[in-house]
Amino acid sequence: MTTEIARVQGALDSAGERARSLQTVYVYQAPVRLWHWVNALLIVVLCVTGYFIGTPLPSVPGEASASFQMGYIRFAHFAAGQTLIVFFLLRVYWAFVGNKYSKQIFWLPITNKTWWWGMLYELKWYLFLVRDPKKYIGHNPLAHVAMFSFMVFMVLMILSGMALYSEGHGIDSWQYKLFGFMFAIFPNGQTLHTLHHLGMWAIVVFVVVHIYAAVREDILSRQSMISSIVSGERLFRDDLPD
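Where an unreviewed UniProt entry is consulted, the protein chain appears under the name Probable Ni/Fe-hydrogenase B-type cytochrome subunit, with the organism given as Rhodopseudomonas pseudopalustris. According to its UniProt record, the protein chain has this under Sequence similarities (unreviewed entry): "Belongs to the HupC/HyaC/HydC family." Under the UniProt heading Function (unreviewed entry), the note attached to the protein chain is "B-type cytochrome involved in electron transfer from hydrogenase to oxygen."

### As for the overall build of the protein chain
Summing up its helical and strand segments, the protein chain has 8 helices and 2 strands in all. Listing the helices and strands of the protein chain from first to last along the sequence gives β-α-α-α-α-α-α-α-α-β. By the burial criterion, 40% of the 242 residues in the protein chain qualify as buried. Taking the contacts inside the protein chain whose residues are at least 6 apart along the sequence as the reference set, 60% of them involve residues at least 24 apart. Carbon and sulfur atoms form 69% of the exposed surface of the protein chain, whose accessible area is close to 13900 Å².

### Regarding unusual backbone geometry
Backbone geometry places Phe128, a non-glycine residue, at a positive phi of 60 degrees. Within the secondary structure layout, Phe128 lies in the loop between helix H3 (113-126) and helix H4 (141-167). We note that Arg222 has phi near 60 degrees; this positive angle belongs to a residue other than glycine. For Arg222, the location among the structural elements is in the loop between helix H7 (189-220) and helix H8 (228-231). Residue Arg222 is classed as partly exposed on the basis of its relative accessible area, which comes to 36%.

Here is what the cut-offs are and how they apply
- Residue numbers here run from 1 along each chain, matching the order of that chain's written sequence.
- Per-residue local features of the predicted model are confined to residues with pLDDT of at least 70, and side-chain atom pairs are confined, for both listing and counting, to 80 or more; whole-chain, interface and lining totals are unaffected and use all residues.
- Side-chain numbers come from the whole structure's heavy atoms, not from hydrogens or water.
- UniProt positions are given in the numbering used here, feature names are shortened, and annotations may be inferred rather than shown by experiment.
- By the criteria applied, helices consist of DSSP H or I runs no shorter than four residues and strands consist of E runs no shorter than two, each listed in order from the N terminus.
- Per-residue accessibility, obtained with a 1.4 Å probe over protein chains only, is compared with the maximum for each type, and a residue is labelled buried under 20%, exposed over 50%, and partly exposed between these values.
- Contacts are residue-level and defined by heavy atoms, with any inter-residue pair within 4.5 Å sufficient.
- Reported accessibility uses the Shrake-Rupley method at a 1.4 Å probe radius. Residues are deemed covered only where the shown protein chains occlude them.

Spelled out as structure tokens, the structure:
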């Protein structure tokens, strides 16, 4: 398999494929970049509104009919959640029709020994146990695992969220018919509420680590991370001409 790059020695993809000597490579296509930023915005809305649903604001004085504060919060949460599902499905679709890097977060090359070696090396790199970074065209193996795990976790959050949403529509609703099986796994609805809420905090932790890792790699590994998800191009700065 070949790659599309210019003047970088030793760059690999997460499966261990060595790049030709290039300086930049077009990795993230426009639909992937759009999904990333829309998903980021929706997650912010979901986490903020989810926090207030779990920890409501103080009661508003006056007649209940005069204030719809919690109603607006719940509406924003439900709307953001359903929009996230639509974009998630579009992202799955693009994994089939996009370039090879658009497929990366949906599978793990667990039979590839080079990939396992790369994951161990990246773990050492993040722990400051090795000096020199490895260059990767797509996600490095450790980030690959993190993103794959995040996508699986997103599926679980979607299933639990839609199951909780179906409670308000009753057992005869299409929402309950599709997602009510979650209550067979968690018969106590409050347990599902609690797990969904804890899942929100897990996403918050993931986002913090994700941003830290992106900024750290952008600075220390001398290959673009943040700008790549804007322009789509991975830039290898060590090999820029003087």
